Amino acid sequence: MALCLQRGGGGGGGGESGSKNDMDNGKYVRYTPEQVEALERVYAECPKPTSLRRQQLIRECPILSNIEPKQIKVWFQNRRCREKQRKEASRLQTVNRKLSAMNKLLMEENDRLQKQVSQLVYENGYMKQQINTVSSTTTDTSCESVVVSGQQQRKNPIPQHPERDANNPAGLLAIAEETLAEFLGKATGTAVDWVQMIGMKPGPDSIGIVAVSRNCSGVAARACGLVSLEPTKVAEILKDRPSWYRDCRCVNVLSVIPTGNGGTIELIYLQTYAPTTLATARDFWTLRYTTSLEDGSLVICERSLTTATGGPTGPPATSFVRAEMLPSGYLIRTCEGGGSMIHIVDHIDLDAWSVPEVLRPLYESSKILAQKMTMAALRHIRQIAQETSGEIQYTGGRQPAVLRALSQRLCRGFNDAVNGFVDDGWTIMDSDGVEDVTIAINSSSSKFLGSQYNTLSILPTFGGVLCARASMLLQNVPPALLVRFLREHRSEWADYGVDAYSSASLKASPYAVPCARPGGFPSSQVILPLAQTVEHEEFLEVVRLEGPAFSPEDIALSRDMYLLQLCSGVDENAAGACAQLVFAPIDESFGDDAPLLPSGFRVIPLEPKSDVPAATRTLDLASTLEAGTGGSGTRPAGEIEAGNYNHRSVLTIAFQFTFESHYQDNVAAMARQYVQSIVGSVQRVAMAIAPSQLSSQLTPKSFPGSPEAVTLARWISRSYRVHTGGGDLFQVDSQAGDAVLKQLWHHSDAIMCCSVKMNASAVFTFANQAGLDMLETTLLALQDIMLDKILDEAGRKVLLSEFSKIMQQGFAYLPAGICVSSMGRPISYEQAIAWKVLNDDDSNHCLAFMFINWSFV
């Protein structure tokens, strides 16, 4: 009989008939298989049973009657320990496999770079030899050489491929094999001069190695990474381009031809969206070749069919500019121990000369291509891999595929609004030609039949969807910072009445045209997260807009509204990343197929960003705008000196509304006026946050800050000294512009600022490092924390009783108490000081709190 031995915590025992004396002698307890099986059943249900549950177990299982409760407790402790060790061993094995595969990938990359170095050394030597030959020649024969060369070229012209069509599989296979060879030369060879993107450090948890082209035709990007999916699954995902390429409008496979080597050739027509209203969309006519190499690797390569390559002619499209895809594709290899190693190459020519000159950087940037296509594909695969393995847990009860579908629908709806294709039913309303906002109408019944708007489209008065869109150029405004501001401070640009109209459009009877109602308080928002991608470059969330009452008689009509919102590209250090904020009104209990009519903003950099990372800025920028001084003279100059941010970006705005047929002109006028007001608000915000407004006398800093952090630190210190009369909050040895901020940031006590506004809950806008540690949060998430949520009942009563004293006297000492961090952990403090922070005009700016000698309970 197999036995299980266990060392007792305070004793041991024999087998089935072990005595209590044996238990006390420190010997091992012997468990029979039946006893182990019974214990395992309980462990599966409850790994950490209580004392009562263990005693109940002994009573219910006679086979455990000879085991004392103390030994049962020890068994569960050891079982949990073994489970923890097993999980840790499994995790380490997984990390080891990733590191081994990454090491192999890096060795291959090193070999490729060595080949590239050898080639460059050879070319350098050849050029030196040519220069020496030319310098030693006394007779100038350059003209003659050109003539002879030209004659030889005419005698030996570059061979052109004969016309190949879909009825000639052998001809198409020849094109496919040429494409395969050129693609492999780019993926693993030196056919393209690759330069690694800044910040893309390889590692077991990184996205992989990402590089962009230098000095090649068109734009190109390359990525190598590891995923825990099998090659066939990876290939299936990559072929489904619309699922991960957000700019993909449609993919039509017009012909599938099997090849003799077990592969397939597909003729594909691909349409992509234009990223802005200022340019025309692109389409591609390509041949895609799927095959296996001798080493078992799976390859999917693709290229455009042109007159130069031969092959059949693609379908014409009047609303698109035909772009060219140079040999690109995916090399997928099996990793030892499971998973796949992927090489991705994207190489395209977007015909940049067909767009206005100011927009050409958008079509000539390999970094933008890397973000939108190459890295997007790799991120999507990693996301699915982690969802499949259960590493990602979502809240709200929705499946990951459903959440991804919602994100795709938001992006697709916004792209449809920006592009307004005629074949979708969009028409432009007549205007005088000088308007900066374009109004488009879609009354096509085909747009709504079978869709989520079917309930609206069957109404006799339903007129369709109206879209107001505009594009503008921004100077010296980081896209990520602008979109983050638009997300966090919706009240700075949005109109509650328009939001209410959009929300009402979900109902069966949209009400009349809204108008701005002066005198009302702006609505406040609460952001509820739904999902985020692995690297946090995209957030899907629900926004609750708390409806205000414009007057006492409107209190009954005030109600909350909800938006489904997608925010992406808010990492300021992501080179070439497009920042986007898209949202759509939803019902409070929206389903997976909820009606979505997206609107929003998109900001795309037109020039490469600086390689120097910018500081994170998350403070309350609305305070800057309200203070009257704006961001002028308050942003650390290190950001200017380090990055010299002097770039342009293009902002695209599109807002969609449903309308009743007899209200078309009214809604169009409202939409035009609303978008114009948003453009004005964005311009005002851009001026406040643009680095060009900063003082050049400030010095760099290396810790987190914000556009007004230096000024705010000075206001906090000065107000403390004026109100308390007890001297300076801290001593500043240097007169440098950010010396006060450094002292504030590294102060040992928790110091935080709270913005108190009318008809809104008090929220935190700034905290030093100790304050962030105390609240267990980050600068980015700080504004989601409300003051009354961290104070206990006693603390709230004390603050309420002392509030008038704070406002009249300027400060108050609060007794020792207990508060709660954002993670729910209790915190004790010996004393707290609250004081008013005054700006340069001696007007109230915010409240500051300092919690002295705090610690977790």
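Everything quoted here is computed from the prediction, not taken from an experiment.

Visitor: Could you clarify how one ought to interpret the sheet that holds strand β25 (residues 811–814) in this entry?
Guide: Hydrogen bonds between backbone atoms are what pair the strands of a sheet, whose relative direction is either parallel or antiparallel. Pairing within the open sheet is antiparallel, and its five strands lie in the order β24-β23-β29-β28-β25. The sheet is open, and its two edges are formed by β24 (763–767) and β25, each paired on a single side. Ignoring strand direction, the axes of neighbouring strands in this sheet form an average angle of 25°. Where strand β23 (residues 750–755) lies against β24, four bridges are found, and the strand directions are antiparallel. Within β24, the residue paired with M752 across the bridge is A767. Its contacts with the sheet put helix α17 (residues 709–724) on β23, β24, β25, β28 (831–838) and β29 (844–852), and the angle it makes with β28 is roughly 110°. Its contacts with the sheet place helix α22 (residues 793–809) against β25, β28 and β29, and it is angled at close to 150° to β25.

Visitor: Would you mind going over the sheet that holds strand β30 (residues 855–856) with me for this structure?
Guide: Ordered in space as β26-β27-β30, the three strands form an open sheet in which the pairing is antiparallel. Each having just a single partner strand, β26 (817–820) and β30 make up the two edges of the open sheet. Relative to β30, strand β27 (residues 826–829) is paired through two bridges, and the arrangement is antiparallel. Its bridge partner lying in β30, S828 is registered against S855.

Visitor: I tried to follow the pattern of salt bridges on my own but got confused; where do I start?
Guide: Charged atoms that come close allow side chains of opposite charge to pair. Applying the stated criterion to the full structure yields 23 salt bridges. Put simply, E541 and R487 hold a salt bridge, and the shortest N to O gap is 2.8 Å. Within this pair, whereas E541 is found in strand β18 (residues 538–546), its partner R487 is found in helix α12 (residues 479–488), the two being separated by 54 residues in sequence. Exposure class is identical for E541 and R487. Each is buried. By sharing partners, the salt bridges in this structure join E40, R79, E83 and R86 into a single network.

Visitor: Before we go on, may I ask you to explain the packing of aromatic side chains in this structure?
Guide: In this description, an aromatic ring pair is defined by two values, namely the gap between the centres and the angle between the planes. The tally for this structure, following the rule as stated, stands at 16 aromatic pairs. With a centroid separation of 5.8 Å and 80° between ring planes, the pair formed by F601 and F655 is classed as edge-to-face. Within this pair, whereas F601 is found in strand β21 (residues 599–605), its partner F655 is found in strand β22 (residues 648–660), the two being separated by 54 residues in sequence. Classification of F655 as buried rests on a relative accessible area of 4%. Ring geometry for F655 and Y674: centres 5.6 Å apart, planes at 80°, overall edge-to-face. In this pair, F655 sits in strand β22 while Y674 sits in helix α16 (residues 664–689), placing the two residues 19 residues apart along the sequence. For the pair shown, F655 and Y674 are each scored as buried. An aromatic cluster is present here, built from W493, F583, F601, F655 and Y674 joined pairwise through their rings. The lysine or arginine in question, R825, covers the ring of F856, its NZ or CZ lying 4.0 Å from the ring centre.

Visitor: How do you make sense of the pairing of strand β9 (residues 298–304) when you look at a structure like this?
Guide: For a regular strand, side chains alternate in direction, first toward one face of the sheet and then toward the other. Counting buried residues along β9, seven of its seven residues qualify, which places the element largely inside the surrounding structure. Note that strand β8 (residues 281–292) and β9 share seven bridges and pair antiparallel. Within the sheet, the bridge partner assigned to Y289 lies in β9 and is C301. Taking the residues between adjacent antiparallel strands as the criterion, β8 and β9 are bridged by five residues, where G296 takes a positive phi near 90°. Pairing of β9 with strand β12 (residues 328–334), which is carried by five bridges, proceeds in the antiparallel orientation. Bridge pairing in β12 places V299 opposite L331.

Visitor: When you look at the packing of helix α7 (residues 231–239) against helix α9 (residues 366–389) in this model, what are you seeing that I'm missing?
Guide: Two measures define how a pair of helices packs: the angle their axes make with one another and the distance between the axes. Packing of α7 against α9 leaves a shortest axis separation of 10 Å and a crossing angle of 130°. As the angle between them shows, α7 and α9 are arranged oblique. Seen along the crossing, α7 lies across α9 with a hand that is right-handed. Residues V234, I237 and L238 of α7 form the contact with α9, whose participating residues are A377, H380, I381 and I384. Residues belonging to the contact of α7 with α9 are distributed by class as follows: six nonpolar, one polar and no charged.

Visitor: Can you help me understand unusual backbone geometry in this one?
Guide: We note that N476 has phi near 60°; this positive angle belongs to a residue other than glycine. Tracing the sequence through the fold places N476 in the loop between β16 (462–475) and α12. We classify N476 as buried; its relative accessible area is 8%. A positive phi is found at N853, a non-glycine position, where the angle reads about 50°. Of note, N853 is situated in the loop between β29 and β30. Under the relative-accessibility criterion, N853 is labelled partly exposed at 43%.

Visitor: Would you mind going over the environment of P242 with me for this structure?
Guide: With respect to the helices and strands, P242 occurs in the loop between α7 and β6 (248–258). What makes P242 partly exposed here is its relative accessible area of 34%. In sequence terms P242 and R412 are 170 residues apart; their C-alpha atoms lie 9.7 Å from each other. Residues within four places of P242 in sequence aside, it is in contact with C248 and V251.

Here is what the cut-offs are and how they apply
Residues numbered from 1 in each chain as written. Predicted model: local features only at pLDDT ≥ 70, side-chain atom pairs only at ≥ 80, totals over all residues. Heavy atoms only, no water. Pairing = 2+ DSSP bridges. Helix = DSSP H or I, 4+ residues; strand = E, 2+ residues; numbered from the N terminus. Axes fitted to C-alpha atoms, helices over the stretch in contact; angles between N-to-C directions. Contact = heavy atoms within 4.5 Å. Salt bridge = Lys/Arg side-chain N within 4 Å of Asp/Glu carboxyl O. Buried < 20%, exposed > 50% of the residue type's maximum accessible area, 1.4 Å probe, protein only. Phe/Tyr/Trp six-rings, centres within 6.5 Å; stacked < 30°, edge-to-face > 60°. Lys NZ or Arg CZ within 6 Å of the ring centre and 35° of its normal. Parallel < 35°, antiparallel > 145°, perpendicular 65-115°, else oblique. Left-handed = near helix turned anticlockwise from the far one by under 90°. Nonpolar A, V, L, I, M, F, W, Y, C, P; charged D, E, K, R; others polar.

Taken by themselves, the reported measurements are silent on function.
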